[in-house]
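# Chains, contacts and geometry: an overview
Listed below are the residues making up each chain.
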Amino acid sequence: MIYISVIFLLTLFFYIFFIFGSFLNNKLNVINRYNFSDCIIFGYAVFTVITFHTFFIFGVSNIYLLFFLIIFIIYFHFKHSDLLINKSKNIYIYLILFITLSLFFLYPVIVSGEQFYVFRGNYWDSFNYLSSALLFHKHSYQSLLDNNIINNYLEFQSIKDIINYRPYITYILSFYLNIKFLDLFLLNYTFKILLSLLNVFAFFSFLDIFKNISSAKKIILSIIFSFSFFSIYIFEIDALSHLGSISLLILSLKYIYLLFENNKNSTKNVIFLSVINSALFIIYPEIFVFFFIIFSCYCFDQI
């Protein structure tokens, strides 16, 4: 029952990202309406930009944000149900892939139990991320800047740096902490699975630029990518900001290619890329530099 709950939680977040991406893409019309992967990653970027500003800039409580999400989901189903119908066939294919990969990640947990996901890997960073996520769960960002509150948590080393240095990824993790019937550390592991699956779908989408690769080969290559040394290494060292930024970087590279190589340089494409890279910068500014270098090279090549 616990692992069914984990898969349901993963599915719920993917679905929220999907409706955010589908809704805005319906206005921009940049993504092919049958491209489920791009809608998910784009929705992840939109969700990141919106929630970053609401929590860190405007100080909106998570309760109000949750209320907004419920209203938006209801509105989407009433006004844009056709977007779901158009993608219904693809949704089943992606859902099967999604559940299969989720079970791959959960299998070691089912076999080894909590020892696998509590103390495995870089548990120092893991505990830091969990600590800051708990703070974001209990307090607003503005209140955490008040020394009267933060002084209560000085037993956590460099707590002021933790909540200010690349804080967004732990803020998303704090959403998971609303789930009270699942273990705190299992929720953290579930969040890592979510970020890894986003990378799988982003890589699957990236392979679209190679016209001669079949869908079956794309799926195989995407699975290999998700379980490659580099992906597992980032997963194991609990580098959540890095793990959460890869999908956005991959999709950015795809659309940079389309922007310059296929001359799809409309205003809507620029807005689309701006949203994705705003999210990339929010989550992991350091990796945004790689995108900026590649983008600059393309620009100089056009001169």
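The coordinates are above.
Let us look at the pattern of salt bridges. Close approach of charged atoms lets side chains of opposite charge pair. Under the definition given, this model contains 5 salt bridges. Residues D238 and K192 are paired through a salt bridge, measuring 3.0 Å at the closest nitrogen-oxygen approach. Residue D238 is located in the loop between α14 (229-236) and α15 (240-261), and its partner K192 is located in helix α12 (residues 184-206); the two are separated by 46 residues in the primary sequence. Taking relative accessible area as the criterion, D238 reaches 3% and is therefore assigned buried. Exposure remark for K192: the relative accessible area of 6% places this residue in the buried category. The salt bridge partner of K218 is D208, with a shortest N-O separation of 2.8 Å. On the criterion of sequence distance, the pair formed by K218 in helix α13 (residues 215-226) and D208 in the loop between α12 and α13 is long-range, its members being 10 residues apart. Using a relative accessible area of 11% as the deciding quantity, one classes K218 as buried.

Two elements in contact, α12 and α13, have axes whose closest approach is 9 Å; the angle formed by their N-to-C orientations is 140 degrees. Our classification of the angle between α12 and α13 gives oblique. Of the two possible hands of crossing, α12 and α13 adopt the one that is right-handed. Listed contacts from α13 to N199, V200, F203 and F204 of α12 are S215, K218, I219, L221, S222, F225 and S226. By residue class, the composition of the contact of α12 with α13 is 6 nonpolar, 4 polar and 1 charged.

Residues Y44, I169, Y176, F191, L248 and F272 are the most contacted members of the largest nonpolar core, which totals 100 residues. At 14 residues, the largest contribution of residues to this core is made by α12. Those residues within four positions of I169 in sequence are excluded, and the remaining contacts are Y44, Y129, F191, L195, L240, S241, G244 and I283.

A surface patch of nonpolar side chains, about 450 Å² in accessible area, is lined by I57, F58, V60 and Y64. Residue position: V60 is located in the loop between α2 (36-57) and α3 (62-79).

Here we come to α14. Turning to α14, its buried residues are S231, I234 and F235. When α14 is viewed along its axis, its buried side chains cluster within an angular range of 100 degrees and face the same direction. A positive backbone phi angle near 60 degrees is found at D238, which sits one or two residues after α14.

How each quantity is defined
Residues numbered from 1 in each chain as written. Predicted model: local features only at pLDDT ≥ 70, side-chain atom pairs only at ≥ 80, totals over all residues. Heavy atoms only, no water. Salt bridge = Lys/Arg side-chain N within 4 Å of Asp/Glu carboxyl O. Helix = DSSP H or I, 4+ residues; strand = E, 2+ residues; numbered from the N terminus. Buried < 20%, exposed > 50% of the residue type's maximum accessible area, 1.4 Å probe, protein only. Axes fitted to C-alpha atoms, helices over the stretch in contact; angles between N-to-C directions. Parallel < 35°, antiparallel > 145°, perpendicular 65-115°, else oblique. Left-handed = near helix turned anticlockwise from the far one by under 90°. Contact = heavy atoms within 4.5 Å. Nonpolar A, V, L, I, M, F, W, Y, C, P; charged D, E, K, R; others polar. Core = buried A, V, L, I, M, F, W, Y, C linked by side-chain atoms within 4.5 Å. Patch = residues over 30% accessible without salt bridge, like charges linked within 9 Å, V, L, I, M, F, W, Y side chains within 5 Å. Areas by Shrake-Rupley, 256 points an atom, 1.4 Å probe, with all protein chains shown as cover. Arc of directions from axis to C-beta.

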